[in-house]
Number of protein chains: 2
Amino acid sequence: MDNEAKTINRVKVTINGEDYYIKGQASEEYIKQVAKYVDRKMYELERKYPNLSQAKLAVLAALNITDDLFKLRQEYEEFLNTFGNSTEG
Amino acid sequence: MDNEAKTINRVKVTINGEDYYIKGQASEEYIKQVAKYVDRKMYELERKYPNLSQAKLAVLAALNITDDLFKLRQEYEEFLNTFGNSTEG
């Protein structure tokens, strides 16, 4: 889209007690927000299911977040169907 | 919201070769779609980073999906700011 030099940020985040180094073009702040969201989901799930392995907790977190994504997508599509049509033409 | 008896579905799904039993009020089809999304993310990440543990792969998948969620949320909010305001009152 633009010709700005694409800076790759490398950000250290901690998720459920483990450090991860995330690389990406997104800002450090954004990457930290994303990590915090995952960390919180895993924390909540670990409290609910204290005997699960880290791998299973992370998969459950991923399922949980996908559910959030699908629900938002559906809400957005319904909104587009309602308002998108009425503003056409 | 309504007084329908809430059926709890228990659905077996396979994510990155592991079986999970997911319980929820959502339909079996929906739960399978959610699981498929996570399974695909983990598959793509495993091809890209074949040496990562299952736990790290699942955390990366969760980060990736959160990024999808945040981007969609931002798009939706921008849409609401544009069209929501113009349809007010």
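For the structure given in this document, a descriptive report is provided here. (Residues numbered from 1 in each chain as written. Chains lettered and ligands numbered in written order. Predicted model: local features only at pLDDT ≥ 70, side-chain atom pairs only at ≥ 80, totals over all residues. Heavy atoms only, no water.)

A closer look at the interface of chain B and chain A
One frequent convention defines the size of an interface as the accessible area lost when the parts assemble. Of the residues lining the interface, 35 residues belong to chain B; the matching set on chain A comes to 35 residues. For the pair chain B and chain A, the two sides together bury roughly 3,200 Å², of which 79% comes from carbon and sulfur. At the junction of chain B with chain A, the criterion picks out 2 salt bridges. On inspection of chain B and its partner chain A, the count reaches 6 residue pairs in polar contact (both at pLDDT 80 or more). Of all the secondary-structure elements, those providing two or more residues to the side of chain B that touches chain A are strand S2 (18–24), helix H1 (28–48) and helix H2 (54–86) of chain B. Grouping the constituent residues of the side of chain B that touches chain A by class yields 23 nonpolar, 4 polar and 8 charged. (Contact = heavy atoms within 4.5 Å. Buried area = accessible area lost by both parts, 1.4 Å probe. Salt bridge = Lys/Arg side-chain N within 4 Å of Asp/Glu carboxyl O. Polar contact = N/O pair within 3.5 Å; in protein donor to acceptor, adjacent residues only side chain to side chain. Helix = DSSP H or I, 4+ residues; strand = E, 2+ residues; numbered from the N terminus. Nonpolar A, V, L, I, M, F, W, Y, C, P; charged D, E, K, R; others polar.)

So, the nonpolar core
Among the nonpolar cores identified, the biggest contains 51 residues, and Ile15(A), Leu63(A), Ile15(B) and Leu63(B) are the most heavily contacted of them. For this core, the elements supplying multiple residues, two or more each, are strand S1 (9–15), strand S2 (18–24), helix H1 (28–48) and helix H2 (54–86) of chain A together with strand S1 (9–15), S2, H1 and H2 of chain B. Aside from chain neighbours lying at most four places away, what touches Ile15(A) is Tyr20(A), Ala35(A), Val38(A), Asp39(A), Met42(A), Val59(B) and Leu63(B). (Core = buried A, V, L, I, M, F, W, Y, C linked by side-chain atoms within 4.5 Å. Buried < 20%, exposed > 50% of the residue type's maximum accessible area, 1.4 Å probe, protein only.)

A few points about the pairing of S1(A)
Residues and elements named next belong to chain A. The pairing of S1 with S2 spans 7 bridges and is antiparallel. The residue bridging Arg10 from the neighbouring strand is Lys23, located in S2. Remark: 2 residues form the turn of the hairpin made by S1 and S2, two consecutive strands paired antiparallel; Asn16 in that turn has positive phi of roughly 50 degrees. (Pairing = 2+ DSSP bridges.)

Describing the relation of the copies chain B and chain A
Mapping chain B onto chain A leaves a residual RMSD of 0.0 Å; the transformation is a rotation of 180 degrees accompanied by 0.0 Å of translation along its axis. What the rotation and shift describe, once combined, is the action of a two-fold rotation axis. When C-alpha positions in chain B are compared against the rotation axis, the closest is assigned to Ala55(B), at 1.8 Å. A shared interface surface links the copies, since 100% of the contact residues of chain B are contact residues in chain A too. (Least-squares fit on C-alpha atoms with pLDDT ≥ 70 in both.)

Some details on the pattern of salt bridges
Under the defined criterion, the tally for this structure stands at 10 salt bridges over all chains. In this structure, the salt-bridge partner of Lys56(A) is Glu18(B), at a minimum N-O distance of 3.3 Å. Of this pair, Lys56(A) sits in helix H2 while Glu18(B) sits in strand S2, which puts the two residues in different chains.

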